[in-house]
Amino acid sequence: MEEPLKRVAGSPGGGMDDAEAEAREGDLLQPSVGRAGARREGPAPWNVSSQLWVAFFGGVTAVTVIAWLNARRLRSTPGRVRGVLGAGAVGLAAVAALYLTVPVDELTWAGFAATRPLRWGSRIVAVAVFLVQAWLQKPAERRHDMFGGGETASLWLPGLGATFILGFLQPLAMIALALAVRG
Amino acid sequence: MSDAAEAGLHRAEMLVDLGRYEAALEALDDGFDAERPRCWVVRAVALLGLERSDEALESAHRGLAVDAESIPLLHVAALGHLSRGELDLAEESVLAALALDAADAELLCLYGLIVAADGQTGKAERLAARALSLEPDSPSVRHLMARLAWARGDDDAAAEEYRELLAVDPESAAGHAMLGAVLHDRGDAAAAGERLSEAARLEPASGGYAEMARENAVWRHWLLWPLRPLLHVHGGVIYVGAMVVIFGLMALDLENLALLFVAVYVPWVIYAWVAPPLVRRLLARRRLG
């Protein structure tokens, strides 16, 4: 805060003509924030670490949806946003492969509930997917923490919603897919 | 301006330098001259220091109505807009100041903060490099470079920049605190604790540094030694690793070993949930006692 006062008191701010000319060159001192959408509008991002619980209880689809929305809130690069979706797709493929290992007569909701390896396997895959998606969101999260104020929104409602809705729909979809593939 | 008013203004400037913003505002009340940009600068800086951004911004704009080319007022206006998240207006103010003095390292650093907040870290790095070439010993430049290094995930570079900052400004509470945070992230809790305690000592009024030091003390407590791996590795990685071990042992028909592993892992997980809040309460009671 003292810098503006020192300037008022007459401390020299420069006088290096070569540096001044060089600084004026190029686009370094051209406005660029206006093009990107200046105000920090839009909802605050969620805490990336908290997405672990969505993965653990809700599965791959739930955590991928939350991570994708969060990557956009954090203004991650398009490559990393696509990476989040890609990790989710790979995870879903792995979960689908697990379902194909289950005997056909156990491909029911009751069978799913009873098949511990299937549930635990899906959970392990979901947490592994979360780790990749967290790594992809990390640079944007750090940037938000350091330069964007660091505020986060509560993940409770959207997390619970994704966990219950998508956590319920994913196994059903996987069972249907496995049955369709097995004929 | 009368001698008394001039003395009041001078006293207010000294109080702002000492961080005593409320007292500065009171001193300024003695003979505030609305036609003098310097009065508006002091008022705006003091209000920013008290985190009264809206009033600070108003003061800056009122001062700019008197002197539109006052670099300090443009600087404060940019800071005020930045604190409100109005990045385009912050950029407008800082570029107006840079148009008057493009070789001002502090302004270049401020512009770097603004574009970094907008996600333009590449441009922020170039601005920081330009500012560094102009004033390599400026704490603001080192601070910006450290923040950019941390934001891009380069903890080693961030730690090095914070050490450079502290070499130039050993009394920088923010420098000690941020270096402590970086060291804590790298798992070096003991070294982090020293830095955070120093930050809290240098700026006792800042509750944030004291809170960081207290949290670090929690994680260095002997009761949390079994949880030290969590300082280095994400809990999710430990979970996946544990599941791989358990299911791997079961697949190898080593079920007894798998059960033994579960018997160790599950209590450890429960301990990781329960122990940190308990240690926090224990240390809080000791401080009060």
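Visitor: Please provide a residue-by-residue account of the interface of chain B and chain A, values included.
Guide: Opposite the 66 residues of chain B that make contact, chain A presents 46 residues. Carbon and sulfur atoms supply 66% of the area buried between chain B and chain A, which totals about 4,700 Å² over both sides. Area buried by chain B at its contact with chain A is led by R130(B), W150(B) and Y239(B), which between them contribute 13% of it. Salt-bridge contacts for R126(B) lead to D27(A); the nearest nitrogen and oxygen are separated by 2.8 Å. Joining chain B to chain A, the criterion identifies 11 residue pairs in polar contact (both at pLDDT 80 or more). Broken down by element, the side of chain B that touches chain A gets its largest block of residues, 9 residues, from helix α7 (residues 105–117) of chain B.

Visitor: Residues and numbers for the environment of D29(B), please.
Guide: Residue and element names in this part refer to chain B. Here D29 shows up in the loop between α2 (21–28) and α3 (37–49). Judged by its relative accessible area of 56%, D29 is exposed. As a C-alpha pair, D29 and R147 span 118 residues in sequence and 37 Å in three-dimensional space.

Visitor: I'd like to hear about unusual backbone geometry, residue by residue, with values.
Guide: All names here are of chain B. At E51, a position not held by glycine, the phi torsion is positive, near 60 degrees. Residue placement: E51 occurs in the loop between α3 and α4 (53–66). Phi at D253 takes a positive value of approximately 60 degrees, unusual for a residue other than glycine. Among the structural elements, D253 can be located in the loop between α15 (235–251) and α16 (255–288). For D253, a relative accessible area of 66% puts it in the exposed group.

Visitor: Outline the side chain of H144(A), listing residues and values.
Guide: Positionally, H144(A) belongs in helix α8 (residues 116–147). Setting aside its immediate chain neighbours within four residues, H144(A) contacts P45(A), L74(A), G149(A), G150(A) and E151(A).

Visitor: I'd like a rundown of the packing of helix α11 (residues 173–185) of chain B against helix α12 (residues 189–202) of chain B, residues and numbers included.
Guide: Residues and elements named next belong to chain B. Closest axis-to-axis distance for the α11/α12 pair is 8 Å, and the angle between their directions is 155 degrees. By the angle between their axes, α11 is roughly antiparallel relative to α12. Handedness of the α11/α12 crossing: left-handed. In this structure, α11 uses A173, H176, A177, L179, G180, A181, L183 and H184 to contact α12, whose residues at the interface are A191, A192, R195, L196, E198, A199 and L202. Looking at the contact of α11 with α12 residue by residue, the classes come out as 10 nonpolar, 3 polar and 2 charged.

Visitor: Describe in detail the confidence of the model for chain B, supporting the description with residues and values.
Guide: Parts of the prediction with low pLDDT should not have their coordinates interpreted in detail. Taken over all residues, the pLDDT of chain B has a mean of 89, while the share at 70 or more is 99%. We note a pTM of 0.76 for the whole complex and an ipTM of 0.73 for its interfaces.

Visitor: Any details on the nonpolar core? Residues and values, ideally.
Guide: Note that soluble globular proteins tend to have their nonpolar side chains buried in a common cluster. Counting residues in hydrophobic clusters, the biggest one holds 77 residues, and the most contacted among them are L29(A), F147(A), L82(B), V94(B), L98(B), Y111(B) and I114(B). Among the elements that take part in this core, α7(B) stands out by supplying 11 residues, more than any other. Of all hydrophobic cores here, the second largest spans 47 residues; its members include V48(A), V95(A), F130(A) and Y265(B).

Visitor: Can you lay out the pattern of salt bridges for me, pointing to particular residues and giving the numbers?
Guide: Residues and elements named next belong to chain B. Applying the stated criterion to the full structure yields 18 salt bridges over all chains. Note that R152 is salt-bridged to E125, the shortest N-O span being 2.7 Å. Of this pair, R152 sits in the loop between α9 (139–151) and α10 (155–168) while E125 sits in helix α8 (residues 121–134), and the two are 27 residues apart along the sequence. On the basis of relative accessible area, R152 is assigned to the partly exposed category, the value being 45%. Overlapping salt bridges bring together E6, E13, R36 and R38 as one network.

Visitor: Which residues make up a nonpolar patch on the surface, and what are the values?
Guide: A contiguous nonpolar patch, built from W53(A), F57(A), V266(B), I270(B), W273(B), V274(B) and L278(B) and spanning about 750 Å² of accessible area, is present on the exposed surface. Counting only elements with at least two residues in the nonpolar patch, the list comes to α4 (51–58) of chain A together with α16 of chain B. The leading source of residues in the nonpolar patch is α16(B), at 5 residues.

Visitor: Account for the environment of A242(B), with residues named and values stated.
Guide: Residue and element names in this part refer to chain B. For A242, the location among the structural elements is in helix α15. Judged by relative accessible area, A242 falls into the buried class, the value being 2%. Between the C-alpha atoms of A242 and A275, which are 33 residues apart in sequence, the distance is 20 Å. Not counting residues up to four positions away in its chain, the partners in contact with A242 are F261 and Y265.

Visitor: Give me the packing of aromatic side chains: which residues, what numbers.
Guide: Residue and element names in this part refer to chain A. If you walk through the whole model with that rule in mind, you get 7 aromatic pairs over all chains. When the centroid spacing of 6.4 Å and the interplanar angle of 25 degrees are considered together, the rings of W53 and F57 count as stacked. Residue W53 and its partner F57 are both found in helix α4; the two are separated by 4 residues, about one turn of the helix. Residue F57 is classed as exposed on the basis of its relative accessible area, which comes to 53%. The ring of W46 has R73 sitting right over it, with the charged end atom 4.0 Å from the ring centre. For R80, the ring lying beneath its charged end belongs to W135, and the centroid distance is 5.3 Å.

Conventions we followed
Residues take numbers from 1 onward in each chain, read along the sequence in its written order. Starting at A for chains and at 1 for ligands, labels are handed out in the order in which the entities are written. Only residues with pLDDT of at least 70 get local features here, since the model is predicted, and only at 80 or more are side-chain atom pairs given and counted; chain-wide, interface and lining totals rely on the full set of residues. Water and hydrogen atoms were dropped before computing side-chain values, which therefore reflect all heavy atoms in the structure. Residue contacts are counted whenever heavy atoms from the two residues lie within 4.5 Å of one another. Buried area: the accessible area, evaluated with a 1.4 Å probe, that two parts lose upon being put together, summed over both parts. Salt bridge criterion: a side-chain nitrogen from Lys or Arg within 4 Å of a carboxyl oxygen from Asp or Glu. Definition of a polar contact: a pair of N or O atoms within 3.5 Å, with one able to donate and the other able to accept a hydrogen when the atoms are protein atoms, and with sequence-neighbouring residues admitted only if both atoms are side-chain atoms. Secondary structure counts use DSSP, requiring at least four H or I residues in a row for a helix and at least two E residues in a row for a strand, with both numbered from the N terminus. Each residue gets one of three labels from its accessible area relative to the maximum for its type: buried under 20%, exposed over 50%, partly exposed in between, using a 1.4 Å probe on protein chains only. Think of each axis as a best-fit line through the C-alpha atoms, taken over the contacting stretch in the case of a helix, with angles from 0 to 180 degrees between the N-to-C directions. Note that the term roughly parallel is reserved for angles under 35 degrees, roughly antiparallel for angles over 145, roughly perpendicular for angles of 65 to 115, and oblique for everything else. Each helix crossing is assigned a hand: it is left-handed if the near helix lies turned anticlockwise from the far helix by less than a right angle, otherwise right-handed if that turn is clockwise. Under the scheme applied here, ten amino acids are nonpolar (Ala, Val, Leu, Ile, Met, Phe, Trp, Tyr, Cys and Pro), four are charged (Asp, Glu, Lys and Arg), and all others, including Gly, are polar. You can read pLDDT as the predictor saying how much it trusts each residue, on a scale of 0 to 100. The term nonpolar core refers to a set of buried residues drawn from Ala, Val, Leu, Ile, Met, Phe, Trp, Tyr and Cys, joined through side-chain atoms within 4.5 Å. Patches draw on residues past 30% relative accessible area with no salt bridge. Two like charges within 9 Å are joined, as are two nonpolar side chains (Val, Leu, Ile, Met, Phe, Trp, Tyr) within 5 Å. Here the open area of atoms and residues is found with the Shrake-Rupley method and a 1.4 Å probe, where only the protein chains shown may cover a residue. Paired rings are identified among Phe, Tyr and Trp, the last through its six-membered ring, by centres lying within 6.5 Å, and are further divided according to the angle between planes into stacked (under 30 degrees), edge-to-face (over 60) and tilted (the rest). When the NZ atom of lysine or the CZ atom of arginine is within 6 Å of a ring's centre and also within 35 degrees of its normal, the charge is said to sit over that ring.

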